[in-house]
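# Remarks on the overall topology
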Amino acid sequence: MSDVVERTLSALPGLLGQHDPGAGPGGAGGPGRASATSRLGSLIRSITALTSKHEEEKLIQQELTSLKATVSAPNTTLRLMKECMVRFIYCEMLGYESSFGYIHAIKLAQQGNLLEKRVGYLAVSLFLHENHELLLLLVNTVVKDLQSTNLVEVCMALTVVSQIFPREMIPAVLPLIEDKLQHSKEIIRRKAVQALYKFYLIAPNQVQHIHDKFRKALCDRDPGVMAASLHIYLQMIKEDSSGYKDLTGSFVTILKQVVGGKLPIDFNYHSVPAPWLQIQLLRILALLGKDDPSTSELMYDVLDESLRRADINHNITYAILFECVQTIYTIHPKSELLEKAAKCIGKFVLSPKINLKYLGLKALTYVIQQDPNLALQHQMTIIECLDHPDSIIKRETLELLYRITNGQNVIVIVQKMLGYLKESKEEYAIINLAGKIAELAEKYAPDNGWFIQTMNAVFSVGGDVVHPEIPHNFLRLLAEGFDDGKEDDQLRVYAVRSYLALLDEEGALYPQKFLQVMSWVLGEYSSLVTDVDPEVILTKLHSLLKKTFVTSETKAWIMAAVTKIASRTSCSKTVDTLIQEFSSSLDTCMRQHAFELKHLCEDKALMANLLPFDASCHEMVVDASLSFLDGFVAEGLGRGAAPYKPHHQRQEEKLSQEKGDALNFEPYGLSFASSVSAAGVTGRQSPTGLSFGSDTSGNSAETGHKETNNLKLEGVRKLWGKEGYLPKRENKAGKADEPQSASCGSVLAGQAGDAAASRSDGAAGLPEQDREKQHLASTLFVGLGSNAAVSLMGKMDTATQKFKRKSKITEAQNSEEMSDFRNSAALDFGPLLDTVPVSVEDYEGNIHTRLREASLCSQGIVEDNLGSETPQSLRTSGPADRLSDSRLSQSSLFADSNIDIFQPSPSTQCEGAGETQPVPSLPAELEAPARSGAVALAQSDALALYSCKGWTDDSLLLTLFLSNKTTSALHAVNLVFEEAEHFQVLEGPSCQFPVIEAERVERCQRCVRMDRLCTQGVLSGFVHYQSEMETRLEFSITLSLVDFIRPMEMSTEDFGKLWLSLSNDVKQNVKMSSSQGSLSAALNTLQQKLKLHVVDIIGSEGILACRLLPSLPCLLHCRAHSGMLALWFRSPCAALPDALLYHCQKAMEESQ
C-alpha cells in the first residue's frame, strides 16, 4: 500500500500540467482563462527572452501586481488561487518578495481540496520560516489533518511539521504525532519519526519522555522507519554515548544485515546496499566504541566485513571506506583492522584522482595522532602534494604537516605555510593558517630572531584579517617574559631593532594591526636600545602619524607610544612639534591626545608616575563601579538621556525588532529543567527555598541556554598554556626524554634521525629533483620514527617549549591557604570572579582615591541629603532583624589575576563646601517621620525657597517653603512647576499667594509621580513675586527613583509565584564593606536607603520586594558569599531592574 501512496504523491505534480476543465471558455474560471501551466510557461519564456536585469524586475513587478489583484478579488476560486500560488512560488524563487501572498497560501492549505491543499502546504513551506508569526494560523489546520482518515492529508501534515513548525506550538501536535508511531502504514510511521527528529533538534526537552518509542522505531519491520530513527540516535549519542551502550548489539546487527544485502533492492545505490545507512551506522559505532574495549569488541567483525565488501570503484564506496577508516581509528584499536585501514589510506593517497587524494590526506590527518609512522610511509607523496595545482590539496597537506610539527621540523613547515599564506586570497584560509603559524612559532621557536621574523611575516602577510588574539598574545608574551630576565631583554631588544629597520624602508605599507604592534613595542621597550637616540624613534613615529593610510585607531596607538617615550626624555623638539601640529587637528581624538601629552609634558613628575617603565603587567587599581562618572550619569539622565542597557538586553531588543511585533509565546513558569544541579538552577525557578548557583549574569530569556551549558570553574587557576594542559605536562616531564630543538643549520643539513640516514646512501644516484624531494622529506618528517619522541598537535607534547611564560603572581596568592579558598569559592560562585573588588584600606592615599573624592565633591548638597535620608515610618521590621551577624571572608577572589578592583567609599561631605542658608522650622502637622529635612533651593534678597520631601504610600509629597526675608510684605507671589519629561505634578502646576507677610513662611504642597522611568531627574520651576519690582526666582529639585519606591509586603509563597511570572531581569555582584560584613547589615542598608521590604531569609539568601508607584512590582533575590552580595532583580518593566540596580550599588558604596 505504501508503494501505491508514494506513486500517488509523485504523480500529483503532473496534475498541475493538465488543463483544468473549468479554466477554459465556459468553465468556472471564466472565458479566456489559461491554465496554470500555460501562464507559468509563458512567464518563464518571457523572462528567458529578456536581455537585462532591469527588464526582468519590470516584468516580475507587473506579474506580482496582476497576481495581487487576482488573489484579492472576492470571486477568485480556489482553483484559480492554486494557479496563482504556483506563479507566486516561481517569483519567490527568483528572489522577488511577495509577502502579500503568504496569507493566501495558508488559506489554500486550510480550505482547498487535496490538490489545492498540497500546493498550499508547498507554498507555506517555501515562503515562511519556523519563527514566522503567520505559522500560528496553520496550527489548527495541521491538527485537523493529523486527525484525518485520509492518508495523503496525514502525510502532508507530517511533512510540513518536519520542515517548519513553531517551537511554541509543539505541545499541540506532539500527542498526535506520538500516536502516528503506531500507525499501520509505514510511510506514516517514517514521517512521524522525521517530525520527532525535528522536534528534538529545536526543543529536545519536550521529547525526552518518548525515548522508549524511539527504540521501537529502531526495531521497526520497515527499513525506512528504522533508517529515519538513526538520525535521532546519532544526535543523542553525540551528546551522551554512555546511555546507549546497550544498543551497540542492535546497531551491529543492523549493519550486518545492510552489508549482507538483506534490505530490499530499492535501497541499493549503484549496486551498493544502502550506502547512506551504512555511513550513519558507522558514525554511531565510532561514538559508542571510543575508549571502550568491551563495546569495540562487538564491532570488529562487522567493520572487517564492511572494508572487504566496499571494493567497487565508485564514489559512494569510497565514502563508506573513509567512514570505516575513521571508525577503526576512533574505537579501541585492533592491529589487524589498523593494517587494513592503513592500506586503504594508502590507496587513497596514491590515487591520481584529486577527490580520492583529498580523502586520503583527510584520513591521514585524522589518524596521524594514533599512528604517526603512517606519515613516513607516504612522505614522498605528501611532498608532491605541497606543489599540487589544486589549492584544496595544498591546504589539506599543510594541515597534515601542522599535526606532525615538532621542534626539529618547525622551520621548514612554517616556511611552507608562509609560502602558501602569501599566495592565498581567501580570507578564511588566511585567518586559519596565520593562527596555526603563530601557534607553532610560539611553541617551537628555535631562537629569538626566528620567532620575531616569523611573527613579522604573519602580521605583514596576514594583514588586518588575522584574528585579534594573535597580536594580543604576542604582546602579552613580550610583556610577561620568560623564566630568564636576560632572555626577556634580548627578545625585546631584537623586536625593537627589527621594527626600527622596518620603519626605515621607503614606501612600505604595513597592515594596521602590525603598525599597532610596532607602536606598542617601541613605546614600551625602545629605551633598552641604548645606541639609538629617542629623538630618532620619535621622528619615525611622527612621520608615521602623517601617513594617509594610517587609521584613527592606529594613530591612538602611536600617540600612546610617543607619550611613553617622551616620559623618559627630558625634552624633545619632535614632541613639541607634534603637540603644536595636532592641537588644532580636525580629528577630535588626536586633538585630545595632543592636549593630554601637552599637560603631561608640563609635569614630568606626574608623567613618570603615570607611565613607569615596563609596567604593562603590574597590578592595576580599578574602580569597578566607575563611580567617578556618577555626576556625569546623573546629569545626562537629568537631561533626558536613556538609561544604560546591558548587552544582553540590547541583544534581546534587537532580536525582537527583527521578529517584528509578534505575539509572545513564552510560557509563564512552565519550562522547568529536567534536573537541578548543585551548581545552579536551570530555567525560571523561584528563589524561595533554593540555592542559586554560579550563573549570575544575563537575562532570563537567555537563562535556559546559559545555565544548561554553564562554565564550571573548578578553582579558577591557570591550567592551560601554550604548551597544553600544564599539570599533565609537569607530571610527564620526568617520564619522557625531551627532544632538543635543532638549529636551522642542523635541520637543513639533514641530521634528522634514522629515517633520513637510511636514505642517504642512495641519494647520490637520484636525479636533482628527486634529491631535493628526499632532502625536503628528511627535514619535514624528522622526529617521526618509532623510537623518537613524537610531538603531535592535539596531544600532550613532551617537547621543550621555547617561550615559557613566568608567573607573576604574588607570594600571598601562591600560598596553599589562598589556593584552597579560591577552589571552594569558585565551585560555589564562579562568575563572581569577574567583578570582585578588594578592600579600600589597601589603597589609602592612592591617586585614584583623590580622584574619587574630587568627583564626590562635585555633587550638590541637596543630592547628598536626598540620597542618605530615609523616612523612619517606612522602615519595617522583618526577617532582616533575625539575620546572623556572622561575617563572611573578606579575602580577595582575584588571587590569580593581576588586576585588583577598587571601590572607594563615597564622601558624604566635601571640604570647602559652601554653607547653606538657615532652614525655617516645619509646621507641627508636617513633623511626621516619613520626610526628609528641609533643603535650600534658591534665594534672592527678599525671598528664600526651601523644599522638603514626604513619602506617602501612593505618591511623593513635595513641600516648598517660601520665606520672606524682608521687613515688608511680598505681593502676588506665584510658584509654578514647569513641565517635566519624567514627572507629573498632581493638583495643578502652580500655587498662588496674594501676599506673604514680613518675615513669614508660606508653604505649597504638591503630589508628584514619575511618568517616565529614570534613575534621576530634575523638576524645575520658578517663583514670580512683586516687591519693589517684579522678580523671577528659578529653582530646580533633583528627584531620584528611590523617592518613588515603596515597600511591597507579601508572603514567601506569593513572592515565588510572582517571581515566575516576571520576564525582565538583571544580575550583578556588589562588594560588601567590612562594616556590613553580613547579610543582615547589607539587607538593612537596602531596606533603609531604598525602601525595600524584606520578605524572607533563607540561609545566606534573602528575598525583598518593592513597587514603583503606583503599583509596578520589582522583586530582588540576594545571596551573600565571601564578601560579595549577588543581586538578582525581576520586574515586568524592562528598565526598572537596571535603574534600581544603579541605586543599590550606590547605596552599598555609600554605606562603606
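Keep in mind it's a predicted model, so treat the numbers as computed, not measured. (Residues numbered from 1 in each chain as written. Predicted model: local features only at pLDDT ≥ 70, side-chain atom pairs only at ≥ 80, totals over all residues. Heavy atoms only, no water.)

## A few points about the overall build of the protein
On a plain count of helices and strands, the protein comes out with 47 helices and 21 strands. Taking all 1152 residues of the protein together, 50% fall into the buried category. When contacts within the protein are restricted to residue pairs at least 6 apart in sequence, those whose partners lie at least 24 apart make up 70%. A total accessible area of about 54,600 Å² is found for the protein, and carbon and sulfur atoms account for 51% of it. (Helix = DSSP H or I, 4+ residues; strand = E, 2+ residues; numbered from the N terminus. Buried < 20%, exposed > 50% of the residue type's maximum accessible area, 1.4 Å probe, protein only. Contact = heavy atoms within 4.5 Å. Areas by Shrake-Rupley, 256 points an atom, 1.4 Å probe, with all protein chains shown as cover.)

## Digging into unusual backbone geometry
Following Leu-1109, the chain continues to Pro-1110 via a peptide bond in cis, the omega torsion being 5°. Relative to the helices and strands, Pro-1110 resides in the loop between β19 (1101-1108) and β20 (1112-1121). Notably, His-270 is not glycine yet its phi reads approximately 55°, a positive angle. With respect to the secondary-structure elements, His-270 resides in the loop between β1 (268-269) and β2 (272-273). His-270 sits in the partly exposed class, given a relative accessible area of 48%. Within the chain, Lys-1091 stands out as a residue other than glycine whose phi angle is a positive 60°. When you line up the elements, Lys-1091 lands in the loop between α46 (1079-1090) and β18 (1093-1098).

## So, the pairing of strand β8 (residues 943-951)
Counting buried residues in β8 gives 9 out of 9 residues, a clear majority hidden from the surface. Strand direction decides the pairing type here: strand β7 (residues 935-939) and β8, joined by 4 bridges, are antiparallel. Residue pairing in the sheet places Gln-939 in a bridge with Ala-944 of β8. Count of turn residues in the β7/β8 antiparallel hairpin: 3 residues. Examined bridge by bridge, β8 and strand β9 (residues 956-964) share 9 bridges and lie antiparallel to one another. Looking at β9, one finds that Cys-948 is bridged to Thr-959. (Pairing = 2+ DSSP bridges.)

## Considerations on the packing of helix α27 (residues 485-504) against helix α29 (residues 534-545)
Across the interface, α27 lies against α29 with an axial gap of 11 Å and an inter-helix angle of 50°. Comparing the axis directions of α27 and α29 gives the class oblique. Our pair here, α27 against α29, has a crossing hand that is left-handed. The segment α27 lies against α29, with Leu-500, Leu-503 and Asp-504 engaging Ile-537, Lys-540 and Leu-544. (Axes fitted to C-alpha atoms, helices over the stretch in contact; angles between N-to-C directions. Parallel < 35°, antiparallel > 145°, perpendicular 65-115°, else oblique. Left-handed = near helix turned anticlockwise from the far one by under 90°.)

## Describing the pairing of strand β15 (residues 1030-1040)
Sheet analysis places strand β14 (residues 1016-1026) next to β15, joined by 11 bridges and oriented antiparallel. Residue pairing in the sheet places Val-1018 in a bridge with Thr-1038 of β15. Once β14 ends, the chain turns through 3 residues before running back antiparallel as β15.

## Description of the sheet that holds strand β13 (residues 1001-1010)
Judged by pairing direction, the sheet is antiparallel, and its 5 strands sit side by side in the order β7-β8-β9-β13-β11 without closing on themselves. Sheet topology places β7 and β11 (983-985) at the edges, where each strand pairs with a single neighbour. Within the sheet, the average angular offset between the axes of one strand and its neighbour, ignoring direction, is 30°.

## Some remarks on the packing of helix α4 (residues 78-93) against helix α6 (residues 114-127)
Two numbers describe how α4 lies on α6: the axes approach to 10 Å, and their chain directions differ by 25°. If you check the angle between α4 and α6, you find them roughly parallel. For the element pair α4 and α6, the recorded crossing hand is left-handed. Two secondary-structure elements touch here, α4 through Leu-78, Arg-79, Lys-82, Met-85, Val-86, Phe-88, Ile-89 and Glu-92 and α6 through Leu-115, Glu-116, Val-119, Leu-122, Ala-123, Leu-126 and Phe-127.

## Points about the nonpolar core
With 208 residues, the main nonpolar core has Val-142, Ile-177, Leu-196, Phe-199, Phe-251, Phe-474 and Tyr-499 as its most contacted residues. Element by element, the count of residues in this core is highest for helix α12 (residues 223-239), at 10 residues. Judged by nonpolar contacts, the second largest core, of 62 residues, contains Leu-958, Met-1010, Val-1066 and Ala-1120. (Core = buried A, V, L, I, M, F, W, Y, C linked by side-chain atoms within 4.5 Å.)

## Re the side chain of Lys-117
Here Lys-117 is to be found in helix α6. With a relative accessible area of 3%, Lys-117 lands in the buried category. Not counting residues within four places of it along the chain, the set of residues in contact with Lys-117 comprises Leu-108, Ala-109, Gln-110, Gly-112, Thr-141, Asp-145, Glu-153 and Met-156.

## Regarding the packing of aromatic side chains
Within this structure, the stated rule accounts for 17 aromatic pairs. Judged by centre distance (6.1 Å) and plane angle (85°), the ring pair of Tyr-318 and Phe-348 falls under edge-to-face. Here Phe-348 lies in helix α18 (residues 335-350) and Tyr-318 lies in helix α17 (residues 315-330), a separation of 30 residues in the sequence. Assessed through its relative accessible area of 10%, Tyr-318 is described here as buried. (Phe/Tyr/Trp six-rings, centres within 6.5 Å; stacked < 30°, edge-to-face > 60°.)

## A few points about the environment of Leu-134
Its location among the elements puts Leu-134 in the loop between α6 and α7 (139-146). Taking the C-alpha atoms as reference points, Leu-134 and Ile-103, 31 residues apart in sequence, are found 7.4 Å from one another. Apart from residues no more than four positions distant in its own chain, Leu-134 is found in contact with Tyr-102, Ile-103, Ile-106 and Leu-128.

## Section: the side chain of Thr-397
Relative to the helices and strands, Thr-397 resides in helix α22 (residues 391-403). One polar contact links the side chain of Thr-397 to the main-chain carbonyl oxygen of Ile-393, over a distance of 2.7 Å. Look past the residues within four positions of Thr-397 in its chain and what remains in contact with it is Leu-361, Ile-382, Cys-385 and Leu-386. (Polar contact = N/O pair within 3.5 Å; in protein donor to acceptor, adjacent residues only side chain to side chain.)

## Quick word on the pattern of salt bridges
Applying the stated rule across the entire model yields 30 salt bridges. Residue Glu-63 pairs with Arg-87 through a salt bridge whose shortest N-O separation is 2.9 Å. Taken as a pair, Glu-63 in helix α3 (residues 53-72) and Arg-87 in helix α4 lie far apart in primary sequence, 24 residues in all. The exposure classification of Glu-63 matches that of Arg-87, with both residues buried. We note a salt bridge from Arg-215 to Asp-246, for which the minimum N-O separation is 3.0 Å. (Salt bridge = Lys/Arg side-chain N within 4 Å of Asp/Glu carboxyl O.)

## Description of the sheet that holds strand β12 (residues 990-996)
Spatially, β12-β10-β14-β15 is the arrangement adopted by the 4 strands of the open sheet, whose pairing is antiparallel. Two strands lie at the open edges of the sheet, namely β12 and β15, each paired on one side alone. Strand-to-strand twist across the sheet, computed as the mean angle between neighbouring axes with direction ignored, equals 15°.

## Looking at a nonpolar patch on the surface
Together, Leu-626, Phe-628, Leu-629, Phe-632 and Val-633 give the surface a local cluster of nonpolar side chains, amounting to about 450 Å² of exposed area. The topology assignment puts Val-633 in helix α34 (residues 630-638). (Patch = residues over 30% accessible without salt bridge, like charges linked within 9 Å, V, L, I, M, F, W, Y side chains within 5 Å.)

## Thoughts on the environment of Ser-391
Tracing the sequence through the fold places Ser-391 in helix α22. Taking the relative accessible area as the measure of exposure, Ser-391 reaches 32% and is therefore partly exposed. In sequence terms Ser-391 and Tyr-420 are 29 residues apart; their C-alpha atoms lie 9.1 Å from each other.

## Some points on the state of the cysteines
Evaluation of the coordinates by the stated rule reveals 0 disulfides. In this structure Cys-991 is not part of a disulfide, and its nearest cysteine sulfur, from Cys-1004, lies 3.0 Å away. Taking the relative accessible area as the measure of exposure, Cys-991 reaches 10% and is therefore buried. (Disulfide = S-S within 2.5 Å.)

## A short note on the confidence of the model for the protein
Here the protein averages 74 in pLDDT, while 72% of its residues score no lower than 70. The low-confidence segment residues 722-765 (pLDDT under 50) makes 63 contacts with residues lying over four places distant or belonging to another chain. In the predicted structure, residues 804-919 sits below a pLDDT of 50 and forms 241 contacts with residues beyond four places in sequence or in another chain. (pLDDT = per-residue confidence, 0-100.)

## Observations regarding helix α32 (residues 588-602)
When the terminal C-alpha atoms of α32 are compared, their 21 Å separation across 15 residues agrees well with the 21 Å that a helix rising 1.5 Å per residue should span. In the core, the buried residues of α32 are packed alongside α29, α30 (552-566), α31 (573-582) and α33 (604-610). Among the residues of α32, the N-terminal cap falls to Asp-587, whose side-chain oxygen and the backbone nitrogen of Cys-589 are separated by 3.1 Å. (Expected span 1.5 Å × (residues − 1).)

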